[in-house]
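So the chains spell out like this:
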Amino acid sequence: MNISAQLSRRSLLMGVAGASALASCGGGGGGGVSSPVSSGSTASSSSTASASGPTLPDPATAPALKTHFNGKFLVGMTAEPNEINNAISQPVLKAHANSMTAENCMKPHAIGTSAGVYNYTLADQVIAFASANNIAVRGHTLLWHQSAPDWFFAGDSTSATYRATVQARLERYITDVVTYFKGKVYAWDVVNEPTSDSAGSPYRNSRWYQVLGADYIEIALRAARAADPTVKLFINDYSTENADKLARLMSLVDTLLTRGVPLDGIGHQLHITTTWPPVANVRAAFQAAETRGLINHVTELDVSLYGSDPGSCFGTPATGCAPSLTEGTAAYWDSIRAQALQYRAMFDLFASQPSVKSVTTWGVADNHTWLSSFPVNRLNHPLLFDTTGKPKSAFWAVVNPTFVP
């Protein structure tokens, strides 16, 4: 997904929770850009002081994440064909992941060339790599307002048959795509980010909603279930750790469940920071799904090093953003330590919740992250592995409770 589409989503949580909050990139992270070695200025004299990071164990002793969490949940990472073939990302994927998600190439804008015409070339490369390496695949995503080719909505919108025409196109697309990947994908983010960011109606006022009303979610889920009776079906959204957004999402979900619509779980994106959210907020989101008999997937996890950006940083234009950290400074290592503690807290929670069946980071290693250009261009190292693919403090904090970041 392109970076510009993230702006409105990021501003939600910043507006609600202020400087300690960070809303999500929503449904698909950024296009993925290589992070710089260092950039920008620093915030204070302490920021510029040279400092050393923690002493890390030998990378050769790192346990595979998929083995460490075996019996708890699948460990996933997002990757496109260029990451699959990247000398840094590929070994990490092979060693640590038993689930993966295509970052962009399984979205409608990538697959849906025109009505009934599909381009599976890149998606097939992801599937082939996963199959060759015993990695399961999460499908992302069948319907998303930011990835809806215009052909879905072509025609005279004033015609009495227009609504039925759009519905038929949606049903055909989902039927054909889910059928094509049947047996190759274990779960689908069927509907991505349907929840409103504002009080009032729980539904985002997307083009899908404007044409089909709230029924579009049910239409999509029923079409997916008919095409593959065994694949797990999810609604995926961001800011589920925000109580107001969560309440709107659950209102939407309750309507679906009351109508007997097939739904297996909730996907929680969890694009978070070193300072937000509290563990209790994430636990509440999981429990909201559990009380409705649904399972939980963490679908797009990363932890930004910038936990003090004001809401204006996510406006247009972005203003007031924290200055870029410089690798190797005291401020940088302070953020790395805070990141490690946040990752530890989150993974401890994930492991304690039987309803959490899959945890996916949005990216593989810090050499490829959308956060190096959103909300502004600056160094950001939000993942468990560094720019060379070696385990970071965050990794060791996750797998070793005695490790001191």
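Residues numbered from 1 in each chain as written. Predicted model: local features only at pLDDT ≥ 70, side-chain atom pairs only at ≥ 80, totals over all residues. Heavy atoms only, no water.

(A) Summary view of the layout of surface pockets. Its volume calculated, the largest pocket comes out at about 250 Å³. L56, W333, D386, P391 and K392 are, among the 17 residues lining the largest pocket, the residues nearest its centre. The biggest single contributor to the lining of the largest pocket is helix α13 (residues 330–352), with three residues. Each residue belonging to the lining of the largest pocket can be placed in one class, and the counts come to eight nonpolar, four polar and five charged. (1 Å grid on protein atoms, 1.4 Å probe; cavity = no way out; pocket = protein on both sides within 12 Å on 5 of 7 lines; lining within 4 Å. Points joined across faces, edges and corners; volume = space filled by probe spheres on them. Helix = DSSP H or I, 4+ residues; strand = E, 2+ residues; numbered from the N terminus. Nonpolar A, V, L, I, M, F, W, Y, C, P; charged D, E, K, R; others polar.)

(B) View of the packing of helix α12 (residues 279–290) against α13. Two elements in contact, α12 and α13, have axes separated by 10 Å at closest approach and are oriented at 30°. Here α13 runs roughly parallel to α12, going by the angle between their axes. The handedness of the crossing between α12 and α13 comes out as right-handed. Only A345, M346, L349 and F350 of α13 make contact with α12, whose side of the interface consists of V279, V282, R283 and F286. Looking at side-chain class alone, the contact of α12 with α13 contains seven nonpolar, no polar and one charged residues. (Axes fitted to C-alpha atoms, helices over the stretch in contact; angles between N-to-C directions. Parallel < 35°, antiparallel > 145°, perpendicular 65-115°, else oblique. Left-handed = near helix turned anticlockwise from the far one by under 90°. Contact = heavy atoms within 4.5 Å.)

(C) Highlighting the pairing of strand β7 (residues 232–237). Counting buried positions along β7 gives five out of six residues, so the element sits mostly inside the fold. For strand β6 (residues 187–192) and β7, the ladder comprises five bridges, and the chain directions are parallel. Of the residues in β7, the one forming a bridge with W188 is L233. The pairing of β7 with strand β8 (residues 265–268) spans four bridges and is classified as parallel. The residue bridging N236 from the neighbouring strand is G267, located in β8. You can see the chain leave β7, run along helix α11 (residues 243–258) and come back into β8, and the turn it takes is right-handed. (Buried < 20%, exposed > 50% of the residue type's maximum accessible area, 1.4 Å probe, protein only. Pairing = 2+ DSSP bridges. Right-handed = clockwise from strand over helix to strand, strands pointing away.)

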